[in-house]
Amino acid sequence: MTIYDIKKELKRLYAPTNRTWDLLDVPEQQFLAIDGIGNPNTADAYAQAVKALYAVAYTLKFANKKTGERDFVVAPLEGLWTSDDVEAFTAGAKDAWRWTMLISQPAWITVPIIETAKEEALEKKKLSKISSVRHMVLHEGLCAQALHIGSYDDEGPALAVLHGPYFAAQRLDFNGPHHEIYLGDPCKTEPVKLKTVLRQPVRQRRR
């Protein structure tokens, strides 16, 4: 049985090597998603949301594997981050962040399959946040993207370059939430070795 792994299928999106900002086109994808607000380091709602997201993701994986038809590697955790003040990201003002946490799903996973997995996960795990997990389709299109290696708290300088000189040189504007893909496990990896894909949907400025 061939095992689907998004990090291999979409290497430029999930296994980039460029440490400086580059432009790419991101195709439409579908996700499990859950929303919230607050500091991801301290908010219990964030921790519970991520647990619920993974509970559904692994239920989907094992249900597919049992059919003997298709298996897949659970994709990395991702996050869409917004704030009323974009400088909240470069300044690290995390209490003001709104987030949508995501786990990408293979194209053959349908909404009815997701709903069935939610019911099974809720029955097994008893996590109330599972009911808040939803299906989401995202098509970001043109994006600036770079690989950040190091602590999440050290992303500020890279984002400052993006929002300032890079946007100016490329004549770009924001066109969607700040997007991060977490390639390392912060519970098992030293902060200086963590790998995070930083992505920002953009559009060309009108002349």
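Scroll up a little and you will see the structure.
Procedures and definitions
- Residues numbered from 1 in each chain as written.
- Predicted model: local features only at pLDDT ≥ 70, side-chain atom pairs only at ≥ 80, totals over all residues.
- Heavy atoms only, no water.
- Helix = DSSP H or I, 4+ residues; strand = E, 2+ residues; numbered from the N terminus.
- Rg over C-alpha atoms; globule rule 2.2 N^0.38 Å.
- Buried < 20%, exposed > 50% of the residue type's maximum accessible area, 1.4 Å probe, protein only.
- Contact = heavy atoms within 4.5 Å.
- Expected span 1.5 Å × (residues − 1).
- Pairing = 2+ DSSP bridges.
- Core = buried A, V, L, I, M, F, W, Y, C linked by side-chain atoms within 4.5 Å.
- Salt bridge = Lys/Arg side-chain N within 4 Å of Asp/Glu carboxyl O.

## Details of the overall build of the protein
Thought 1: Counting secondary structure elements, the protein contains 6 helices and 11 strands.
Thought 2: Against the globule reference of 17 Å for 207 residues, the protein gives a C-alpha radius of gyration of 17 Å, in line with a compact fold.
Thought 3: Dimensions along the principal axes, computed over C-alpha positions, put the protein at roughly 50 × 35 × 35 Å.
Thought 4: Burial status across the protein gives 45% buried among its 207 residues.
Thought 5: Contacts in the protein between residues far apart in sequence, at least 24 positions, make up 77% of those at least 6 positions apart.

## A look at helix α3 (residues 44–67)
Thought 1: Between the first and last C-alpha of α3 there are 35 Å, a value that for 24 residues agrees with the 34 Å anticipated at 1.5 Å per step.
Thought 2: Of the residues making up α3, those classed as buried are Tyr46, Ala49, Val50, Ala52, Leu53, Ala55, Val56, Ala57, Thr59, Leu60, Lys61 and Asn64.
Thought 3: Buried residues in α3 make contact with β3 (29–37), β4 (71–72), β5 (77–82), β6 (98–105) and α5 (111–125).

## Overview of unusual backbone geometry
Thought 1: Even without a glycine there, the phi angle at Lys126 is positive, about 60 degrees.
Thought 2: Mapping Lys126 onto the fold places it in the loop between α5 and β7 (134–138).
Thought 3: According to the relative accessible area criterion, Lys126 is exposed, its value standing at 58%.
Thought 4: Within the chain, Arg171 stands out as a residue other than glycine whose phi angle is a positive 55 degrees.
Thought 5: Here Arg171 is to be found in the loop between α6 (156–170) and β9 (172–174).
Thought 6: Of the residues examined, Arg171 reaches a relative accessible area of 34% and is grouped as partly exposed.

## Things to note about the pairing of strand β10 (residues 178–182)
Two faces make up the sheet, and in a regular strand the side chains alternate between them.
Thought 1: In terms of burial, β10 is largely enclosed, as 5 of its 5 residues are buried.
Thought 2: Burial of β10 is two-sided: the residues His178, Glu180 and Tyr182 facing one way and the residues His179 and Ile181 facing the other way are all buried.
Thought 3: Note that β5 and β10 share 4 bridges and pair antiparallel. Bridge pairing links Gly79 to Glu180 in β10.
Thought 4: For β10 and strand β11 (residues 195–204), the ladder comprises 4 bridges, and the chain directions are antiparallel. Paired with Tyr182 across the two strands is Thr196, which belongs to β11.

## Focus: the nonpolar core
Thought 1: Judged by nonpolar contacts, the single largest core of 42 residues is most densely connected at Leu32, Tyr46, Leu53, Val56, Leu60, Leu77 and Met101.
Thought 2: When residues of this core are assigned to their parent elements, the largest contribution, 9 residues, is made by α3.
Thought 3: Beyond its immediate chain neighbours, meaning those up to four positions away, Leu77 contacts Tyr46, Val50, Leu53, Tyr54, Met101, Leu102, Ile103, Glu180, Ile181 and Tyr182.

## Side note on the pattern of salt bridges
Close approach of charged atoms lets side chains of opposite charge pair.
Thought 1: Throughout the structure, instances matching the rule amount to 9 salt bridges.
Thought 2: Lys118 is the salt-bridge partner of Glu115, the closest N and O atoms lying 3.8 Å from each other. Here Lys118 and Glu115 lie together in helix α5, a separation of 3 residues that amounts to about one turn.
Thought 3: Since its relative accessible area comes to 34%, Glu115 is described here as partly exposed.
Thought 4: Taking the relative accessible area as the measure of exposure, Lys118 reaches 11% and is therefore buried.
Thought 5: Arg205 is paired through a salt bridge with Asp173; the nearest N and O atoms lie 3.1 Å apart.

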